[in-house]
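Chain by chain, the residues run as shown.
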Amino acid sequence: EAGVAQSPRYKIIEKRQSVAFWCNPISGHATLYWYQQILGQGPKLLIQFQNNGVVDDSQLPKDRFSAERLKGVDSTLKIQPAKLEDSAVYLCASSLGKGMSTEAFFGQGTRLTVV
Amino acid sequence: GDSVTQMEGPVTLSEEAFLTINCTYTATGYPSLFWYVQYPGEGLQLLLKATKADDKGSNKGFEATYRKETTSFHLEKGSVQVSDSAVYFCALSGPGYSSASKIIFGSGTRLSIRP
């Protein structure tokens, strides 16, 4: 079974530029998560989708971050404009979305460096 | 809000030593509890989980017991190996309603095992 795919693996941009990350979840998984993991910290949830609807985006900095999940499958996360403090690993995860004990499967992440 | 507090790292042990990584949580209701592991250069993966009080999760020689009375989920292993060197994250998933719940992570504990 294919896992969660993310691209690119690495990205270096200058501050004030824009960047987009892509995620393809495991087939059949209704729930998709985007997390931000700053070096030395635990992952922080940015946004959670159930199919193509947003369940939780309370910690998404909406003035610069946006995310969509068209057709309830793939998802993109965009940052525009980027700031130095956005340097982090961006993790995508998916789960079946049925009940609270369902395991979430994580992709390898995209490491973003803003210079 | 819900939160997870785990033992500060890094933790360095000799091979075959006993390991404990402490984790406590704050949550409304009855969350599910998880330990995730991140090996060098790899994505987050589920190590073990427990979904109700007094449940014991186990995998690869690691164990953790869901203690409601002390709101804890400490990770233990009787004899660690060099291959256990990784970052360990304690996490919880709150009561789900119509969709999968978000997963809240602790800050992570880096474990290094000396041969």
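Structure report, in brief. (Residues numbered from 1 in each chain as written. Chains lettered and ligands numbered in written order. Predicted model: local features only at pLDDT ≥ 70, side-chain atom pairs only at ≥ 80, totals over all residues. Heavy atoms only, no water.)

**Examining the overall build of chain B**
Counting its regular elements, chain B contains 0 helices and 12 strands. Secondary structure of chain B in N-to-C order comes out as β-β-β-β-β-β-β-β-β-β-β-β. By the compact-globule yardstick of 13 Å for 115 residues, chain B fits well, its C-alpha radius of gyration being 14 Å. Considered along the principal axes of its C-alpha atoms, chain B spans approximately 45 × 30 × 20 Å. (Helix = DSSP H or I, 4+ residues; strand = E, 2+ residues; numbered from the N terminus. Rg over C-alpha atoms; globule rule 2.2 N^0.38 Å.)

**Section: the interface of chain B and chain A**
Taken together, the 25 residues of chain B in the interface contact 24 residues of chain A. Counting the surface lost from both chain B and chain A, the interface buries some 1800 Å², and carbon and sulfur atoms represent 53% of this. The interface formed by chain B and chain A contains 1 salt bridge. Lysine 102 of chain B serves as the salt-bridge partner of aspartate 56 of chain A, at 3.3 Å between the closest nitrogen and oxygen. The interface formed by chain B and chain A includes 6 residue pairs in polar contact (both at pLDDT 80 or more). Elements that contribute at least two residues to the side of chain B that touches chain A include exactly β5 (32-38), β6 (44-50), β10 (86-93) and β11 (103-105) of chain B. A per-element tally of the side of chain B that touches chain A places β5 of chain B first, with 4 residues. Of the residues that constitute the side of chain B that touches chain A, the class distribution is 10 nonpolar, 12 polar and 3 charged. (Contact = heavy atoms within 4.5 Å. Buried area = accessible area lost by both parts, 1.4 Å probe. Salt bridge = Lys/Arg side-chain N within 4 Å of Asp/Glu carboxyl O. Polar contact = N/O pair within 3.5 Å; in protein donor to acceptor, adjacent residues only side chain to side chain. Nonpolar A, V, L, I, M, F, W, Y, C, P; charged D, E, K, R; others polar.)

**Quick word on the state of the cysteines**
Here a disulfide denotes one covalent bond, and it connects the sulfur atoms of two cysteines. Counted under the stated rule, the structure contains 2 disulfides over all chains. Residue pairing for cysteine 23 of chain A: its cysteine sulfur links by disulfide to cysteine 92 of chain A, the two sulfurs lying 1.9 Å apart. On the sign convention where negative is left-handed, the bridge of cysteine 23 of chain A and cysteine 92 of chain A, at about -70° about the S-S bond, is left-handed. Here cysteine 23 of chain A is found in strand β3 (residues 19-24), whereas its partner cysteine 92 of chain A is found in strand β9 (residues 88-95), with 69 residues between them in sequence. You can call cysteine 23 of chain A buried: its relative accessible area is 0%. The class of cysteine 92 of chain A is buried, set by a relative accessible area of 0%. Residue cysteine 23 of chain B pairs covalently with cysteine 90 of chain B via a disulfide, S to S 1.9 Å. The disulfide joining cysteine 23 of chain B to cysteine 90 of chain B has a torsion of about -70° about its S-S bond and is therefore left-handed. (Disulfide = S-S within 2.5 Å. Buried < 20%, exposed > 50% of the residue type's maximum accessible area, 1.4 Å probe, protein only.)

**Notes on the side chain of glutamine 6 of chain A**
All names here are of chain A. Summarising the element assignment, glutamine 6 is placed in strand β1 (residues 5-7). A distance of 3.0 Å separates a polar atom in the side chain of glutamine 6 from the backbone nitrogen of glycine 109. The contact partners of glutamine 6, leaving out residues within four places of it in the chain, are Trp22, Trp34, Tyr90, Leu91, Cys92, Gly107, Gln108, Gly109 and Thr110.

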